[in-house]
Amino acid sequence: MSEYERSRRIPASAELVFDRASDLDRIDRWLPTDLHVRPDDLPAVTVHEDETGRDARALFQAERDQLRMEWGTRDDASYAGWLQVAGISPDESEVTVHLSFFEEEPPSEAHVDRALEESLAKLAEQVRQPA
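Keep in mind the model is a prediction, meaning the values are calculated, not measured.

> Any details on the pairing of strand β4 (residues 54-63)? Residues and values, ideally.
On a regular strand, one side chain projects to one face of the sheet and the next to the other, so that they alternate. Pairing geometry for strand β3 (residues 44-49) and β4, over six bridges, is antiparallel. Within β4, the position partnered with V47 by the bridge is A56. Joining the antiparallel neighbours β3 and β4 is a turn of four residues, in which G53 adopts a positive phi near 75°. Count of turn residues in the β4/strand β5 (residues 68-73) antiparallel hairpin: four residues, of which L67 carries a positive phi of about 55°.

Spelled out as structure tokens, the structure:
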């Protein structure tokens, strides 16, 4: 098993950050470029990966009262993750993303680190833009 975690402070309320992060109509705007999420019958979603052309059946759950999202594969339990938003002040929050890979050959650490950094930067940009 391989686990990765990254945090970033964002100059916005925790509720705004969570709302932008968990909006499935906008989630592709901050996820890694090659991943796309299509809602099925929530909590069921399909995740499409451009690099492989594969679709993966997954689960997605967002709990606004906890400012937490959780996701993972449905069929093979090879991948799971969560995102937690914490309010630091009324105008600043911290977002933490945690990923767990249960496959024998997980993505490289450098690839995951880069994807986490880019995703959190794109989320911060999405929060700055009007709805």
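> Explain the sheet that holds β4 to me, using residue names and the numbers behind them.
With antiparallel pairing, seven strands are arranged side by side in an open sheet as β1-β7-β6-β5-β4-β3-β2. Each edge of the open sheet carries a strand with a single partner, namely β1 (2-10) and β2 (35-39). Ignoring which end each strand starts from, the neighbouring axes of this sheet average 20° apart. Sheet topology places β2 next to β3; five bridges connect them, and they run antiparallel.

> Which residues make up the nonpolar core, and what are the values?
Of all hydrophobic cores here, the largest spans 31 residues; its most connected members are M69, L83, V95 and L123. The greatest single-element share of this core, amounting to six residues, is contributed by helix α2 (residues 109-128). Those residues within four positions of M69 in sequence are excluded, and the remaining contacts are F18, A21, S22, I27, W30, F60, Q61, A62, G81, W82 and L83.

> Quick rundown of the packing of aromatic side chains? Include the residues and the values.
Summed over all chains, the structure comprises two aromatic pairs. With 5.9 Å between their ring centres and 75° between their planes, Y4 and F101 make a pair best called edge-to-face. Of this pair, Y4 sits in strand β1 while F101 sits in strand β7 (residues 92-101); the two residues are 97 residues apart in sequence, bridging distant segments of the chain. This pair shows no difference in class: Y4 is buried, exactly as F101 is. The interplanar angle of 45° and the centroid separation of 5.1 Å between the aromatic rings of Y79 and F101 together place this pair among those described as tilted. Residue Y79 is found in strand β6 (residues 79-89), and its partner F101 is found in strand β7; the two are separated by 22 residues along the sequence. F101 gets classed as buried once you look at its relative accessible area, which sits at 9%.

About the thresholds
- Residues numbered from 1 in each chain as written.
- Predicted model: local features only at pLDDT ≥ 70, side-chain atom pairs only at ≥ 80, totals over all residues.
- Heavy atoms only, no water.
- Pairing = 2+ DSSP bridges.
- Helix = DSSP H or I, 4+ residues; strand = E, 2+ residues; numbered from the N terminus.
- Axes fitted to C-alpha atoms, helices over the stretch in contact; angles between N-to-C directions.
- Core = buried A, V, L, I, M, F, W, Y, C linked by side-chain atoms within 4.5 Å.
- Buried < 20%, exposed > 50% of the residue type's maximum accessible area, 1.4 Å probe, protein only.
- Contact = heavy atoms within 4.5 Å.
- Phe/Tyr/Trp six-rings, centres within 6.5 Å; stacked < 30°, edge-to-face > 60°.

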